[in-house]
Amino acid sequence: QVQLVESGGGLVQPGGSLRLSCAASGTIFYSINTMGWYRQAPGKQRELVAVITKGGSTNYADSVKGRFTISRVSASDTVYLQMNSLKPEDTAVYSCYIRNSANRDYWGQGTQVTVSS
């Protein structure tokens, strides 16, 4: 069973930075195609933050373009989200996501990011 372990969330002041990490572990019979991050704020729907394909192509939500950077290390099945210039509206639970070559999706438990002074 694939497991995703996230780390790096926390409390940060507006304008600050955080780096989220997500490592896939467990039995993996298929390669990982897409890795990414979603977030859900209280009272709002879950939204895509950023995704990165096996080939390195990226896609970002308009609200985070220019501030967030997604990257991955395929050898260790790890994905990162560098978040700079954080705003209070970035406050949410951030969840890691992967899709393998069998088109099966896996989700992490989520990590809280709070941007507040």
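For the structure, see preceding data.
Residues numbered from 1 in each chain as written. Predicted model: local features only at pLDDT ≥ 70, side-chain atom pairs only at ≥ 80, totals over all residues. Heavy atoms only, no water.

Draft legend 1. Summary view of the overall build of the protein chain. Counting its regular elements, the protein chain contains 0 helices and 11 strands. Taken over C-alpha atoms, the radius of gyration comes to 14 Å for the protein chain, in line with the 13 Å a tight globule of 117 residues would show. With respect to the three principal axes, the spread of C-alpha positions in the protein chain is 45 × 25 × 25 Å. By residue count, 41% of the 117 residues in the protein chain fall in the buried class. The contacts of the protein chain with a sequence gap of at least 6 include a subset with a gap of at least 24, amounting to 53%. The averaged location of the 7 negative side-chain charges in the protein chain is 3 Å from the averaged location of its 11 positive side-chain charges. (Helix = DSSP H or I, 4+ residues; strand = E, 2+ residues; numbered from the N terminus. Rg over C-alpha atoms; globule rule 2.2 N^0.38 Å. Buried < 20%, exposed > 50% of the residue type's maximum accessible area, 1.4 Å probe, protein only. Contact = heavy atoms within 4.5 Å. Lys, Arg positive; Asp, Glu negative; His and termini not counted. Charge placed at Lys NZ, Arg CZ, Asp CG, Glu CD.)

Draft legend 2. Region of the structure containing the nonpolar core. In terms of nonpolar packing, the biggest core is built from 30 residues, with W37, L81, M83 and Y94 touching the most fellow members. Broken down by secondary-structure element, the contributors of at least two residues to this core are β3 (18–25), β4 (32–40), β5 (47–52), β7 (68–73), β8 (78–83), β9 (92–100) and β11 (111–115). Leave out the neighbours within four places in its chain, and L81 touches L18, R19, L20, W37, V49, A50, F68, T69, I70 and Y94. (Core = buried A, V, L, I, M, F, W, Y, C linked by side-chain atoms within 4.5 Å.)

Draft legend 3. Examining the pairing of β4 more closely. Both β4 and β9 contribute to a ladder of 8 bridges, which runs antiparallel. Paired with G36 across the two strands is Y97, which belongs to β9. Where β4 lies against β5, 5 bridges are found, and the strand directions are antiparallel. Each residue of the ladder has a partner; that of G36, found in β5, is V51. Taken together, β4 and the strand that follows it, β5, pair antiparallel across an intervening segment of 6 residues, in which G43 is found at a positive phi of about 75°. (Pairing = 2+ DSSP bridges.)

Draft legend 4. Structural view of the state of the cysteines. Across all of its chains, the model carries 1 disulfide by this definition. Each disulfide pairs two cysteine sulfurs, and for C22 the partner residue is C96, the sulfurs being separated by 2.0 Å. Taking the torsion about the sulfur-sulfur bond, which here is approximately -80°, the covalent link between C22 and C96 counts as left-handed. Separated by 74 residues along the polypeptide, C22 in strand β3 and C96 in strand β9 bring together distant segments of the chain. (Disulfide = S-S within 2.5 Å.)

Note that every value here comes from positions in space, so none of it alone points to a role or purpose.
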